[in-house]
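Listed here are the chains, written in short residue letters.
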Amino acid sequence: MPPKEEQIKLDSLSPQQLVELRQNLNAEIQRLMESGQALARASNTFAGTKKSVEQLGASKEGQSIMLPLTSSLYVPGEVADVEKVLVDVGTGYYVEMCIAEAAKYFDRRIKTLQENIGIVQQTLNDRRNVLMTVQAMLQEKMAAQQARA
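An unreviewed UniProt entry lists the protein chain under the name Prefoldin subunit 5, from Chlamydomonas reinhardtii. Recorded in UniProt for the protein chain, the comment headed Sequence similarities (unreviewed entry) runs: "Belongs to the prefoldin subunit alpha family."

Encoded structure:
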């Protein structure tokens, strides 16, 4: 459950407080953008893995393939079983699944990530709107201070 947001009347804040709020909002927006990008990268990784699993299911036993150890290092290997794969489900745990189950697992993970990307995007839009309001109020207060001087 997210923490409750406290309502602050912007017109009651001093220009210095508005500047601090603007800086905090900019930092939060940056973190949200980085989080959204990380979620998108994870979603793309799962989509690529799903595609690889499906391609593996279409291969034949004994067929030569290149196995990825890292994103840039591959080693030669042979397909031993076209019915089952080991799926990394996180924190070092692997589960043996048939190709169809593995594809469904990756679909669920991708769906969850896409939902989270949507939540982050909505929060990002909300913070940007608040930032625009803060900037407008800050400009208004600065103009009022200059008019008094």
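Back to the write-up after that little detour.
A.B. asks: How should the pairing of strand 2 (residues 74-78) be read in this particular structure?
C.D. replies: In the case of a regular strand, side chains alternate between the two sheet surfaces. Taken together, the five bridges between strand 1 (residues 64-68) and strand 2 define a ladder with antiparallel strand orientation. The residue bridging isoleucine 65 from the neighbouring strand is glycine 77, located in strand 2. Linking two consecutive strands that pair antiparallel, namely strand 1 and strand 2, is a turn of five residues.

A.B. asks: Quick question: what am I supposed to make of the packing of helix 1 (residues 15-57) against helix 2 (residues 99-148) here?
C.D. replies: Helices that pack against each other are described as a pair by the angle of their axes relative to one another and the distance between those axes. Direction vectors running N to C along helix 1 and helix 2 enclose 165°, while the axes themselves pass 8 Å from each other. On the basis of the axis angle, helix 1 is roughly antiparallel to helix 2. Considering the relative orientation of helix 1 and helix 2, their crossing is left-handed. Grouping the amino acids of the contact of helix 1 with helix 2 by side-chain chemistry returns 29 nonpolar, ten polar and nine charged.

Parameters and conventions
- Residues numbered from 1 in each chain as written.
- Predicted model: local features only at pLDDT ≥ 70, side-chain atom pairs only at ≥ 80, totals over all residues.
- Heavy atoms only, no water.
- UniProt positions renumbered as here; feature names shortened; annotations may be inferred.
- Pairing = 2+ DSSP bridges.
- Helix = DSSP H or I, 4+ residues; strand = E, 2+ residues; numbered from the N terminus.
- Axes fitted to C-alpha atoms, helices over the stretch in contact; angles between N-to-C directions.
- Parallel < 35°, antiparallel > 145°, perpendicular 65-115°, else oblique.
- Left-handed = near helix turned anticlockwise from the far one by under 90°.
- Nonpolar A, V, L, I, M, F, W, Y, C, P; charged D, E, K, R; others polar.

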